[in-house]
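Examination of the molecular architecture
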Amino acid sequence: MSVFAAQPFQGIATFGRVPHSQDYSGADVAIVGVPFDASVSYRSGTRFGPRAIREQSLLLWGYNNVLRVAPFQALKIVDLGDVDVVPVDIAATHRAIEAKIAPVVAAGCKVIALGGEHSISLPLLRAHAAKYGPLAVVHFDAHPDTWDEEYSGYKYSHGTPFRRAIEEGLIDTSAYLQIGIRGPTAGPQDYVDARNLGAKLITIDEAFTLGVEKLSAFIRETVGSRPVYVTLDIDAVDPAFAPGTGTPEVGGFSSYQMLQLVRGLNGLNCVGFDLVEVSPPFDGQQITAILGSNLVFEFLSLLALRK
């Protein structure tokens, strides 16, 4: 009997009701929660994101009618639970993330990480680059996250992960795209710095001018056959559709456009994913967590089609 035979309000909330297990041997995909939000600069609460996304995943039913695939049938998926984070110590948390994820990736199991704040992408990229080398990165976000120091004297926060990743040689900057960037900044330097570091920064205005089809084609052309890591900050989506996030920026993608963009990655050599910055305390009707769970479902569908 399919796990989706149960009603959405029944059962234990692993992602999509897949088994909760620490045994990933033979698994195609592992879901991992990273409930950490200690370095956020505005509204906290993303530590509750993994739980909320898992709860809303019980609505998925299992078949992707657009991509014509049933990922929960095509893939062996396990839910590894959450990384044992240290709320007051970002360095210790990053070590814990890398220690949990690196052996999973090394074993050939794809990882989908549920955040948590965007600083978690740095140790996730470390774990993936250890296996694949420097990675192409498709980064959906309202913000470049390439600051040097978000707080004076502190090099690690949710505003700095991609500068640190570039400095560590984890990203192939010939294939690093930042998509959906927008909003006021203290000055022009944020965008200048990101581009100087090698990012192909596509503002929301440029994305809307191109349209989803042409933008997806540009992503595929830029990435090619490289191993690609996809990181999706939910604030890439307009707060009208995803209010439950820590640093909302008006004028973003709609839910539908975001779904289309993820589907547009079909055919790429996707080796890892994270979905971050879902903050349930600001998600009164749970629409952000619902969107988050559906985007993870699209990630799974891409992997199923690739298999």
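The structure contained in this document is the topic of the report that follows. Being a predicted model, the structure only gives us computed values, none of them experimental.

The subject of this paragraph is the overall build of the protein. Within the protein, the secondary structure is distributed over nine helices and eight strands. Here the protein has a C-alpha radius of gyration of 18 Å; the compact-globule value for 307 residues is 19 Å, and the two agree. The principal-axis extents of the C-alpha atoms in the protein amount to approximately 55 × 40 × 40 Å. Across the 307 residues of the protein, 57% fall into the buried class. Sequence-distant contacts in the protein: of pairs separated by 6 or more residues, those separated by 24 or more amount to 76%. Accessible surface computed for the protein: about 12,100 Å², of which carbon and sulfur atoms make up 54%.

Next up on the list: the packing of aromatic side chains. Using the criterion set out here, one finds five aromatic pairs in the structure. When the ring of Phe208 is compared with that of Phe253, the centres are 5.8 Å apart and the planes differ by 90°; the resulting orientation is edge-to-face. Linking Phe208 in helix H7 (residues 204-223) with Phe253 in the loop between strand E7 (227-233) and helix H8 (255-263), this pair joins segments that are 45 residues apart in sequence. Connected via pairs of aromatic rings, a cluster forms that spans Phe15, Phe72 and Phe297. Sitting above the plane of the Phe282 ring, Arg43 keeps its charged end 4.0 Å from the centroid. Just above the ring of Tyr132 sits the side chain of Lys131; from NZ or CZ to the centre is 5.6 Å.

Another aspect to go through is the environment of Asn266. Mapped onto the elements of the fold, Asn266 is located in the loop between H8 and strand E8 (269-276). Judged by relative accessible area, which is 35%, Asn266 ranks as partly exposed. Along the primary structure Asn266 and Leu302 are separated by 36 residues, whereas in three dimensions their C-alpha atoms are 5.7 Å apart. If near-sequence neighbours (up to four positions away) are discounted, Asn266 is found in contact with Arg220, Leu302 and Leu305.

Attention shifts here to the nonpolar core. With 54 residues, the main nonpolar core has Ile112, Val138, Phe140, Ile219 and Met258 as its most contacted residues. Counting residues per element, this core draws most heavily on helix H9 (residues 287-306), at 10 residues. Ignoring any residue separated from it by four or fewer positions in sequence, one finds Ile112 in contact with Val29, Ala30, Ile31, Val32, Phe273, Val296, Phe299, Leu300 and Leu303. Counting residues in each nonpolar core, the second largest holds 36 residues, with Val104, Phe162, Ile171 and Tyr176 among its members.

Sheet architecture is open: eight strands sit in the order E2-E1-E3-E8-E7-E4-E5-E6, paired in parallel fashion. One side of each edge strand has no neighbouring strand; the edge strands of this open sheet are strand E2 (77-82) and strand E6 (200-203). Across the sheet, the mean angle separating the axes of adjacent strands is 15° when strand polarity is ignored. Both strand E5 (residues 171-181) and E6 contribute to a ladder of four bridges, which runs parallel. Across the sheet, Leu177 pairs through a bridge with Lys200, a residue of E6. Here helix H1 (residues 49-56) sits on the sheet and contacts strand E1 (29-34), E2, strand E3 (110-115) and E8; the angle it forms with E3, its principal contact strand, is near 110°.

In this fold, Thr245 is placed in the loop between E7 and H8. At 2.8 Å, the side chain of Thr245 forms a polar contact with the backbone oxygen of Glu277.

The next point concerns the pairing of E2. Most of E2 is tucked away, with five of its six residues classed as buried. Where E1 lies against E2, four bridges are found, and the strand directions are parallel. Paired with Ile31 across the strands is Asp79, a residue of E2.

Orientation of H7 relative to H8, taken along the N-to-C sense of each, is 35°, at an axis distance of 8 Å. The interaxial crossing formed by H7 with H8 has left-handed handedness. Within the contact between the two elements, H7 uses Phe208, Val212, Leu215 and Ser216 and H8 uses Gln257, Gln260 and Leu261. Taken together, the residues of the contact of H7 with H8 break down into four nonpolar, three polar and no charged.

Conventions used here
- Residues numbered from 1 in each chain as written.
- Predicted model: local features only at pLDDT ≥ 70, side-chain atom pairs only at ≥ 80, totals over all residues.
- Heavy atoms only, no water.
- Helix = DSSP H or I, 4+ residues; strand = E, 2+ residues; numbered from the N terminus.
- Rg over C-alpha atoms; globule rule 2.2 N^0.38 Å.
- Buried < 20%, exposed > 50% of the residue type's maximum accessible area, 1.4 Å probe, protein only.
- Contact = heavy atoms within 4.5 Å.
- Areas by Shrake-Rupley, 256 points an atom, 1.4 Å probe, with all protein chains shown as cover.
- Phe/Tyr/Trp six-rings, centres within 6.5 Å; stacked < 30°, edge-to-face > 60°.
- Lys NZ or Arg CZ within 6 Å of the ring centre and 35° of its normal.
- Core = buried A, V, L, I, M, F, W, Y, C linked by side-chain atoms within 4.5 Å.
- Pairing = 2+ DSSP bridges.
- Axes fitted to C-alpha atoms, helices over the stretch in contact; angles between N-to-C directions.
- Polar contact = N/O pair within 3.5 Å; in protein donor to acceptor, adjacent residues only side chain to side chain.
- Left-handed = near helix turned anticlockwise from the far one by under 90°.
- Nonpolar A, V, L, I, M, F, W, Y, C, P; charged D, E, K, R; others polar.

By themselves these figures say nothing about function.
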